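Residue-level structural notes
In case you want the letters, here they are:
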Amino acid sequence: MEKIAGDRARRAGLEQQVTTDTNRLNATRSRLSTVREQLAVKRSDAEKAAPVEEMRVALEKLEQEAQNRRTLLERLDKDVSAAREARETARVTLQEANTKKSKLDSEIATIESVLSMYDDGDFRPILDDIETESGFETALSRALGDALMASLESDAPVVWQKRDLKDLPALPQGAETLLGRVKGADVLQLALSQIGVVETIEDGNRLAASLKTGQSLVSKDGAIWRWDGLHAKATANDRNAVQLQQKNKLQGLQKSLPDLVKAVQKADESLKTANENLAAFEKQRAETQSAIQQGDNVLRQKRNELNATIESQSKLRAELSRLEEALSLAEIDLQGIETTIAGN
């Protein structure tokens, strides 16, 4: 009886062991299955994770672009500074050109006003029709005197009429004809051909005795010797000489006026160009500054994304390592249980 009871007890113990081992086997298999499923999910997540290296390359490209924009901004700062200096130079040049032109305009207006005071008749004097070489105004005025106020208009009370005379006497040797120093009135050729110019008072005194009828000598400073013995010294007043000098001065100023007008126009165009260049550089600089700000925002975002990805993947690798270790332990446990069950 005791033997039977002992067999029953052993059998009951074995059955209990089998049940326990079976439960452990099922639990281990379930745990193994769960670990495998979790591991598959994490491995899938790892495969889908953004490639960190590519993100680093993209970030480096963005950083280089940001550096290029900053380098461009430094150059644009210099360009803007240079453009401002160029604009200031152009502004000063235009101001100086306008000042010179205004001064010239004022001087021309003053001389014209002075010359208009001499225009007290109804007829245009021949003085207004001739051009005298600078320095010979006094000589011409002394030589012809009030005859310069005679007109070419036939209705005038005193008129210059053209005469053609041949075989006129030559001027004394050493005297230069005044004819080559006056332009613009052919009617004066006869008179001018008989007026000689001498360099010094001594020359005039010496050559005066050789003058032929109708001839005269003048010096550039206004002394005159006539064939009939009249001699006027250079100190005598001469309103016509002043008028001729003012007329020559006016012509010289008027000749220089177009160059000043062109200088003003050129300076004005240069200032406009300088303003346009400055505006273009300032616009480009503002656009570059905006691009730098936007680029920095993107760069900051991409850096955060990279750091977050690195941290996430680090956690993922740690989780994978834990699951692989758990899988290995579960497989060992399963193998041990199966061996135990097979041995029973």
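Structure's up top.
Keep in mind the model is a prediction, meaning the values are calculated, not measured. (Residues numbered from 1 in each chain as written. Predicted model: local features only at pLDDT ≥ 70, side-chain atom pairs only at ≥ 80, totals over all residues. Heavy atoms only, no water.)

**As for unusual backbone geometry**
- At Asp167, a position not held by glycine, the phi torsion is positive, near 55 degrees.
- Take Asp167: it is sitting in the loop between helix H3 (137–144) and strand E2 (176–177). (Helix = DSSP H or I, 4+ residues; strand = E, 2+ residues; numbered from the N terminus.)

**Details of the sheet that holds strand E5 (residues 216–219)**
- Pairing is mixed across the open sheet formed by 5 strands, whose spatial order is E2-E4-E5-E6-E7. Two strands in the sheet have a free side with no partner beyond their single neighbour: E2 and strand E7 (231–232).
- In this structure, E2 lies alongside strand E4 (residues 195–198), joined through 2 bridges in antiparallel fashion. Considered in E4, the bridge of Glu176 is made with Val197. (Pairing = 2+ DSSP bridges.)

**Thoughts on the pattern of salt bridges**
- Scanning the entire structure with this criterion turns up 19 salt bridges.
- Note that Arg181 and Glu133 form a salt bridge whose closest N and O atoms lie 2.8 Å from each other. Note that Arg181 is positioned in the loop between E2 and strand E3 (182–183) and Glu133 in the loop between strand E1 (131–132) and H3, a separation of 48 residues in sequence. (Salt bridge = Lys/Arg side-chain N within 4 Å of Asp/Glu carboxyl O.)

**Let's talk about the pairing of E4**
- Burial along E4 is two-sided: the residues Ile195 and Val197 and Gly196 and Val198 are all buried.
- Here E4 pairs with E5 via 4 bridges, running parallel. Its bridge partner lying in E5, Gly196 is registered against Leu217. (Buried < 20%, exposed > 50% of the residue type's maximum accessible area, 1.4 Å probe, protein only.)

**Details of the packing of aromatic side chains**
- Scanning the model with the defined rule gives 0 aromatic pairs in all.
- When the ring centre of Phe136 is taken as origin, the NZ or CZ atom of Lys220, which lies over that ring, is 4.8 Å away. (Phe/Tyr/Trp six-rings, centres within 6.5 Å; stacked < 30°, edge-to-face > 60°. Lys NZ or Arg CZ within 6 Å of the ring centre and 35° of its normal.)

**Re the environment of Leu144**
- Along the chain, the position of Leu144 falls in helix H3.
- Take Leu144: its relative accessible area is 14%, and that puts it in the buried class.
- For the pair formed by Leu144 and Ser116, sequence separation is 28 residues and the distance between their alpha carbons is 21 Å.
- Other than its neighbours up to four places away in sequence, Leu144 contacts Leu188, Ala191, Leu192 and Ile195. (Contact = heavy atoms within 4.5 Å.)

**Some remarks on H3**
- For H3, a buried count of 8 out of 8 residues is recorded, marking the element as mostly surrounded by other parts of the structure.
- Within the sequence span of H3, burial applies to Glu137, Thr138, Ala139, Leu140, Ser141, Arg142, Ala143 and Leu144.
- At the exit of H3 stands Gly145, carrying a positive phi of roughly 60 degrees.

**A short note on the nonpolar core**
- Ranked by size, the top nonpolar core spans 22 residues in total, and within it Ile130, Leu140, Leu178, Leu188 and Leu192 carry the most contacts.
- Elements with a minimum of two residues in this core: H3 and E4.
- When residues in this core are grouped by element, the largest group, 4 residues, is from H3.
- Leu178 has contacts with Phe136, Ala139, Leu140, Ala143, Leu192, Ile195 and Val197, leaving out every residue within four places of it along the chain.
- Core analysis: the next-biggest nonpolar cluster, separate from the first, contains 9 residues, Leu32, Leu316, Leu323 and Ala330 among them. (Core = buried A, V, L, I, M, F, W, Y, C linked by side-chain atoms within 4.5 Å.)

Interpretation in functional terms is not warranted from these geometric data alone.
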